[in-house]
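What follows is the residue order along each chain.
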Amino acid sequence: MAIILFRVDERLIHGQVVIGWGNQLRPDRYLVVDEKLALSDWEQDLYRLGAAGVEVQFVAPEVARENLEAWRLDTARSILLTREVSVMGRLAEGGLMIGEKVNLGGVHHGPGREEFLTYLHLTEDEISELEKMNLAGVEVTARDLPDTHRVSLETLLKSKWKYS
Amino acid sequence: MSNILTVRGIVVGHGNIPEGLLDAVRRIAGDQSEGLTAISNSGLSVEDLKIKLDAVSGSDPTIMFTDLLVGSCGIAAAYSCRNTTERIVVSGVNLPMLLEFIFHRDLPLNELAERVADTGREAIRCSSADI
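Residues numbered from 1 in each chain as written. Chains lettered and ligands numbered in written order. Predicted model: local features only at pLDDT ≥ 70, side-chain atom pairs only at ≥ 80, totals over all residues. Heavy atoms only, no water.

Engineer: I keep staring at the packing of helix α4 (residues 85–92) of chain A against helix α5 (residues 124–135) of chain A and nothing clicks. Help me out?
Structural biologist: Two quantities define a packed helix pair, namely the angle between the helix axes and the distance between the axes. All names here are of chain A. Where α4 contacts α5, the axes come no closer than 10 Å and their chain directions differ by 30°. Here α4 is positioned roughly parallel relative to α5, judged by the angle of their axes. The handedness of the crossing between α4 and α5 comes out as left-handed. Contacts from Val85, Ser86, Met88, Gly89 and Ala92 in α4 reach Glu126, Glu129, Leu130 and Met133 in α5. (Axes fitted to C-alpha atoms, helices over the stretch in contact; angles between N-to-C directions. Helix = DSSP H or I, 4+ residues; strand = E, 2+ residues; numbered from the N terminus. Parallel < 35°, antiparallel > 145°, perpendicular 65-115°, else oblique. Left-handed = near helix turned anticlockwise from the far one by under 90°. Contact = heavy atoms within 4.5 Å.)

Engineer: It is not clear to me how the sheet that holds strand β3 (residues 62–66) of chain B should be interpreted in this structure. Could you clarify?
Structural biologist: Pairing between the strands of a sheet comes from backbone hydrogen bonds, and it takes one of two forms, parallel or antiparallel. Residues and elements named next belong to chain B. Pairing is parallel in the open sheet, where four strands are placed in the order β2-β1-β3-β4. Unpaired on one side and paired on the other, β2 (36–40) and β4 (87–91) mark the two borders of the sheet. For this sheet the average axis-to-axis angle between neighbouring strands, irrespective of direction, equals 20°. Contacting β1 (8–13), β2, β3 and β4, helix α2 (residues 46–57) runs over the sheet at an angle of about 165° to β1. Across the face of the sheet, helix α5 (residues 109–122) comes into contact with β3 and β4 while running at roughly 5° to β4. (Pairing = 2+ DSSP bridges.)

The following block contains the structure:
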């Protein structure tokens, strides 16, 4: 399978992804799925500077849904990034991501968000979205860097429940 | 010391880098380090970082010193400097460029940005035989 990592990270292409994950996974391409960035040339140029020479494609969520299968079959190895849980959820709708794993990498504190891990803050809606994905056969786990501990969605939600 | 035309400096970087660099500047230059502010990216989203950068810059001419060209700090600084001629990003911050900065804050913004970037580059050498 040529999409080697599906990751939710609001910073998209940044040090943790390019150095931390990139050095281990050696992707040929980053696929950034984001409505706004797909329309903004100057922001695309900015993010490309951070990709250490690896190709970057910016695509809107609906286009990404159409391309998902082709990317999987492609020989190029891709890391697919979304800024938001909801966009990853949209990609997975209709069973498009059954059997895939989604990595929760970094969502910072904000209004209506609760802390689950130091790098992960989620809203109620995002939790429901993730549970829905899990039930639909997508394995959701949190891990900021490849060498750190992997936390399953179940553990994540249980630990929160225990302390709140 | 402060004067409406002096350039403001913000060091924006990962973890403790900004405060660490400012601490070093203070130890070397004492009170003359005023005009520099440290902003860490710890726990902040790109949007939150940009809001902080905008608030500290205000309408002053400002250089934003970032540790990396891109990443959350570089991206936030680029957003903050977009559509204004009063703010410039200088990436790859190091101590020599900050020292150059605090002693020349009365220069025009563009000239000062070029000057500190040159100083920062020149300070990097590979071998002791080169000195």
